[in-house]
Amino acid sequence: MEYRILDDYRLFSKMAGFSFSVTAKNQSIYEQRHQEIFHEKREFLGAFDNDGLAAGLILYPYMMNFRNNLIKTFGVGDVCSRADKRGKGEVRYLLNESVRLMHSRSAGLSVLYPFNYDFYRGSGWEVFTNSAMYLLSPSQLKTLPETDNIKAVDMDFPDKQGIEYYNKKVCGKYNHVIRSEIDWKDQLRMFSDNEIKRGVVQFYKNSQVCGMMTYVYSYIPKEDSTVFTIRTFFYDDFETKNKMFLFIKKLSAQISSVSLLAPNDFILFAHLSNSPVALKKGNHCMIRIIDINALDGIFFDSCDADISVELTDSVIKENNGCFRFIIDNKKLRISRTENAAISTDIGTFSSVLSGYVGIKDMIDCSKIKIIGKYDGTDFKKECTFITELF
């Protein structure tokens, strides 16, 4: 078996369409999406055996916010295989080779949306987000009277000021990625014929962007209803947040429901007259450290700490061994050492360093083992959240 960077997307698109159960009426849109992604120079990787293309995936290069640092990261999307190649190791082989390729490209991290946790754990990824998806009626929104100093503009694509505003917001909390125009095209590209429109609403105060939301407006045939799905909801202050909710509320005569993806620390209840129609967990995303040394020297908002960890990584040998992690004045330093207090795999420690879970949490789950003198050292947790679609 061997892997290659594909020079054509068509066989891949056909294989992915079957893997993701794309209906006949949506296949042309799905293939067009792959055509556009391919021409935007995203890398399509394929695993080949004697019968030809057996499995594939797409790599998306990003700069992702990680504990208030921008880290070179690859998103892994459209992981798929031929129906007659399931269970034969082609996808595992390709995932591992993609990790080695990312490592050779000096990436620090990789993220993906899993179809099965344990399958991706086998190649070093672990869960690191747990967002909320609120389903509500726009009439449920409680808003203050509208003011005239904030203007809302519905757009097909963000303008230069909007792109700059978004990227500035990325460099704060959560795990958003810096978006180029190509990345914005990915997010606003139609995905199925049930979609009516994808768009951006920019909010202006004194001619400057002070808020932004992205949306997908869709028709649900089975329910004969429409849904307005919001994945990005950035604002500078409460006045802007109120204006954004007013914008949504004014759509109540047209849309049946609003679906809002939000981080777990997002305060929504104060803006509602009643509980949401439904509340469910958003898509879990998984993270993998590609190169542990790429995190040496980053800003790390946690108490001063000093702990040695034995890491195991079945794919990248450079990540194996004992490492000393020192946090001094909110700076993380990583170096090799001889002995360790705890032992774990690269995926579990990726989730720990992200702030999603703590060392003690993973000791309790038997995902981290105490193998030396462990004094209870732990890292500060953070609210993790990612909205990028790949």
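Please refer to the structure placed before this passage.
Because the structure is a prediction, the values reported are computed rather than measured.

Participant: Could you give an account of the packing of helix α1 (residues 10-19) against helix α2 (residues 27-39), with specific residues and numbers?
Facilitator: With their axes 10 Å apart at the nearest point, α1 and α2 run at an angle of 135 degrees to one another. Considering their axes alone, α1 and α2 lie oblique with respect to each other. Pair α1 / α2 crosses with right-handed handedness. Between α1 and α2, the contacting residues are R10, F12, S13, A16 and G17 on the first element and Y30, E31 and H34 on the second. Classifying every residue of the contact of α1 with α2 by side-chain character gives 3 nonpolar, 3 polar and 2 charged.

Participant: Go over the sheet that holds strand β9 (residues 195-205) with me, naming the residues and quoting the values.
Facilitator: Strand pairing in a sheet relies on backbone hydrogen bonds, with the paired strands running either antiparallel or parallel. Across the sheet, 7 strands lie side by side as β8-β9-β10-β11-β12-β7-β13; this open sheet has mixed pairing. If you trace the sheet from one side to the other, it starts and ends with β8 (150-155) and β13 (278-281), each paired once. Pairwise comparison of adjacent strand axes, ignoring direction, gives a mean angle of 20 degrees for this sheet. Bridge count for β8 against β9 is 6 bridges, and the pairing is antiparallel. Pairing of I150 across the sheet is with K205, part of β9.

Participant: Explain empty space enclosed by the protein to me, using residue names and the numbers behind them.
Facilitator: Scanning all chains against the criterion turns up 3 cavities of 30 Å³ or more. Its boundaries defined by the atoms lining it, the largest cavity holds a volume of some 100 Å³. Forming the boundary of the largest cavity are R179, Q187, L188, R198, T214, Y215, V216, T229, R231, T232, T387 and L389. Listed by contribution, the elements that provide at least two residues to the lining of the largest cavity are α6 (181-188), β10 (208-220) and β11 (225-235). Considering only residue class, the lining of the largest cavity consists of 4 nonpolar, 5 polar and 3 charged. If you add up the space inside the second largest cavity, you get close to 50 Å³.

Participant: Explain the layout of surface pockets to me, and be specific about the residues and the numbers.
Facilitator: Its boundaries defined by the atoms lining it, the second largest pocket holds a volume of some 380 Å³. Lining the second largest pocket are 19 residues, with Y174, F233, F234, Y235 and P263 positioned closest to its centre. Contributing elements (two or more residues each) for the lining of the second largest pocket: β11 and β12 (257-262). Of all the elements, β11 adds the most residues to the lining of the second largest pocket, at 5 residues.

Participant: Tell me about unusual backbone geometry, and please be specific about residues and values.
Facilitator: In this structure, K41 takes a positive phi of about 75 degrees despite not being glycine. Within the secondary structure, K41 is located in the loop between α2 and β2 (43-49). K41 gets classed as exposed once you look at its relative accessible area, which sits at 71%. In this model, D78 sits at a positive phi of 55 degrees, which is unusual for a non-glycine residue. If you trace the backbone, D78 turns up in strand β4 (residues 70-81).

Participant: Report on the sheet that holds strand β17 (residues 332-336), specifying residues and quantitative values.
Facilitator: Sheet architecture is open: 5 strands sit in the order β17-β16-β15-β18-β19, paired in mixed fashion. Here the strands that pair on one side only, and so sit at the sheet edges, are β17 and β19 (369-370). By the bridge criterion, 5 bridges tie strand β16 (residues 321-327) to β17 in an arrangement that is antiparallel. Following the sheet pairing, R324 is matched in β17 by S335. Its contacts with the sheet place helix α8 (residues 346-354) against β15 (305-312), β16 and β18 (342-345), and it is angled at close to 105 degrees to β18.

Parameters and conventions
Residues numbered from 1 in each chain as written. Predicted model: local features only at pLDDT ≥ 70, side-chain atom pairs only at ≥ 80, totals over all residues. Heavy atoms only, no water. Axes fitted to C-alpha atoms, helices over the stretch in contact; angles between N-to-C directions. Helix = DSSP H or I, 4+ residues; strand = E, 2+ residues; numbered from the N terminus. Parallel < 35°, antiparallel > 145°, perpendicular 65-115°, else oblique. Left-handed = near helix turned anticlockwise from the far one by under 90°. Contact = heavy atoms within 4.5 Å. Nonpolar A, V, L, I, M, F, W, Y, C, P; charged D, E, K, R; others polar. Pairing = 2+ DSSP bridges. 1 Å grid on protein atoms, 1.4 Å probe; cavity = no way out; pocket = protein on both sides within 12 Å on 5 of 7 lines; lining within 4 Å. Points joined across faces, edges and corners; volume = space filled by probe spheres on them. Buried < 20%, exposed > 50% of the residue type's maximum accessible area, 1.4 Å probe, protein only.

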